Amino acid sequence: MKSVRIILFLVITSSLCTLLLAGAQLGYEKASAVFNVRLYGTILELFSIEAAEDDIEKVFLENFETRTIGSTVYYISKTVEKGSVVFKTIGAGLWSQIELLLAFSPDFEKMYGLRVISQAETPGLGARITEMEFLERFRGVEVRPELKVVKFASRPNEVDAITGASVTSRSVEKIINRGVIEMDQAFGRDEGEE
Amino acid sequence: MAETRGLKVPKKGYRLFRSKDWNVFIEGLWHNNPIFGMVLGLCSALAVTNLMLNALVMSLSVTVVLLVNSIIISSIKHLIPDRVRMIAYMFIISSLVIAVDLVLKVFLPDISRALGPYVALIITNCIIMGRAESFAINNSVKLAISDALGVGMGYGLSLMMLAFFRELAGFGTLFGFRVIPETVTPAALLSIPPGAFFALGTYILVITTIRKRGAK
């Protein structure tokens, strides 16, 4: 009889806890729509599209088409730089993961832009990848045969690295190049020559 | 009444100071303080005290979980079968912590990111399990609330104290506001994890000395 009571108690407690957690998860999913709006805001800013705080979602949906291929969500521009592809990707940095937002030109040959969504690199060194000055270096850089982050950029597919943050710079390079391959596969484009 | 047995309740003074609840509260805040009294839950105390804001959010999270858990445990104490009481604590604590973690993720995403895994690790924080096992399971809801508030605030104040010195010395700021001009080189040692050990050790040493003096 005693063990029956114990089992009954555990079943009831665990069901109650499961219910509570299910409720919390539902609430969380609803609230995380806010995160989407924040992402939309970043993309609009990247494409220099003006939008008021309250209309971000509306303006975004007017300008971009959402397409899910595999597990990645791609946003395709319908207006500015028509056909440009934007997506989020994640990779290892020096200390933690780096989450990047990549935008590519319609012909998939050049980067349209780059933004950092989250990172935890060394403050003052690697963390400088979030500075506009660094991010804007990626505008219009060629990604074929591959993008390179180097000391002195001289070719159209090269970008200046951050001094004193070689590991972080190389991580960004690696994440972008992997993003290009993923995008090629998703859109059924043949890999670049060479 | 395991813990209230040794409790000294003064006979004189204001009614509030003679009440059992008040003395249980003070007991948790000072004699049973998790950081320098029981020396429990240090892992999170070391990790999140580099900035005052992080320490504040962490202490609030712990206090909320501790309080709700103590209320639940003390009100269903007659229902919990003795043999599975630990499992029951774990169920309740983990549900509460996951809920708190989600709330932080939604409302304070930046701080939630800074605290990293430490919010989720409240599940294994010995303070909460310890208070449930040594106090809430044996006492009335009213006393359990006093105890949870006392211990929670004791934990919070200790964390804030540590964070105050670590942020001031390590970054020259308090709650992100600059206090020491930027021209002064900050003692970066205090803002990194090894510095936390030095700060915590010194803190416990100072408080223990004061407590010994008081006891004499």
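Residues numbered from 1 in each chain as written. Chains lettered and ligands numbered in written order. Predicted model: local features only at pLDDT ≥ 70, side-chain atom pairs only at ≥ 80, totals over all residues. Heavy atoms only, no water.

Participant: Can you walk me through the overall build of chain A in this structure?
Facilitator: Scanning chain A from terminus to terminus reveals five helices and seven strands. The helix and strand sequence of chain A, counted from the amino end, reads α-α-α-β-β-β-β-β-α-β-β-α. Here chain A holds 194 residues, and 39% of them are scored as buried. The contacts of chain A with a sequence gap of at least 6 include a subset with a gap of at least 24, amounting to 46%. For chain A, the accessible area works out to roughly 11,000 Å², and carbon and sulfur atoms hold 56% of it. (Helix = DSSP H or I, 4+ residues; strand = E, 2+ residues; numbered from the N terminus. Buried < 20%, exposed > 50% of the residue type's maximum accessible area, 1.4 Å probe, protein only. Contact = heavy atoms within 4.5 Å. Areas by Shrake-Rupley, 256 points an atom, 1.4 Å probe, with all protein chains shown as cover.)

Participant: Mind showing me how you'd approach the environment of Val59(A) here?
Facilitator: In this fold, Val59(A) is placed in helix α3 (residues 56–63). Residues Val59(A) and Leu44(A) lie 15 residues apart in sequence; the distance between their C-alpha atoms is 8.5 Å.

Participant: Before we go on, may I ask you to explain the interface of chain B and chain A in this structure?
Facilitator: Interface size is commonly expressed as the accessible area that is lost once the parts come together. Across the boundary between the two partners, chain B contributes 16 residues, which contact 15 residues of chain A. Both faces combined, the contact of chain B with chain A buries some 1,500 Å², and carbon together with sulfur accounts for 82% of it. The interface formed by chain B and chain A includes zero salt bridges. Of the residues forming the side of chain B that touches chain A, the biggest block, nine residues, is contributed by helix α5 (residues 85–107) of chain B. In terms of residue class, the side of chain B that touches chain A is built from twelve nonpolar, two polar and two charged. (Buried area = accessible area lost by both parts, 1.4 Å probe. Salt bridge = Lys/Arg side-chain N within 4 Å of Asp/Glu carboxyl O. Nonpolar A, V, L, I, M, F, W, Y, C, P; charged D, E, K, R; others polar.)

Participant: Help me understand the pattern of salt bridges in this model?
Facilitator: Side-chain pairs of opposite charge can arise whenever the charged atoms involved come near each other. Counted under the stated rule, the structure contains 13 salt bridges over all chains. One salt bridge connects Arg85(B) with Asp82(B), and the closest N-O pair in it is separated by 3.8 Å. Owing to a relative accessible area of 58%, Asp82(B) belongs among the exposed residues under this scheme. By sharing partners, the salt bridges in this structure join Glu45(A), Arg115(A), Glu136(A) and Arg139(A) into a single network.

Participant: What's the story with the packing of aromatic side chains in this structure? I'm lost.
Facilitator: All names here are of chain A. Inspection of the entire model under this criterion finds 15 aromatic pairs over all chains. Summarising the aromatic geometry, the rings of Phe47 and Phe64 are spaced 5.1 Å apart at their centres and angled 75° between planes, so their arrangement reads as edge-to-face. One end of the pair, Phe47, is in the loop between α2 (33–46) and α3; the other, Phe64, is in strand β1 (residues 64–69), and 17 residues separate them in sequence. Here Phe47 matches Phe64 in class, with each residue buried. Measuring from centroid to centroid gives 5.4 Å for Phe108 and Phe187, while their planes differ by 70°, and the two rings are edge-to-face. Taken together, the residues span a long stretch of sequence, with Phe108 in the loop between β4 (97–104) and β5 (111–118) and Phe187 in the segment after α5 (166–186) at a distance of 79 residues. Residue Phe187 is classed as partly exposed on the basis of its relative accessible area of 23%. Taken together through their ring pairs, the aromatic side chains of Tyr40, Phe47, Phe60, Phe64, Tyr75 and Tyr112 make up a single cluster. Directly above the aromatic system of Tyr112 lies the positively charged group of Arg139, at a separation of 5.2 Å from the ring centroid. (Phe/Tyr/Trp six-rings, centres within 6.5 Å; stacked < 30°, edge-to-face > 60°. Lys NZ or Arg CZ within 6 Å of the ring centre and 35° of its normal.)

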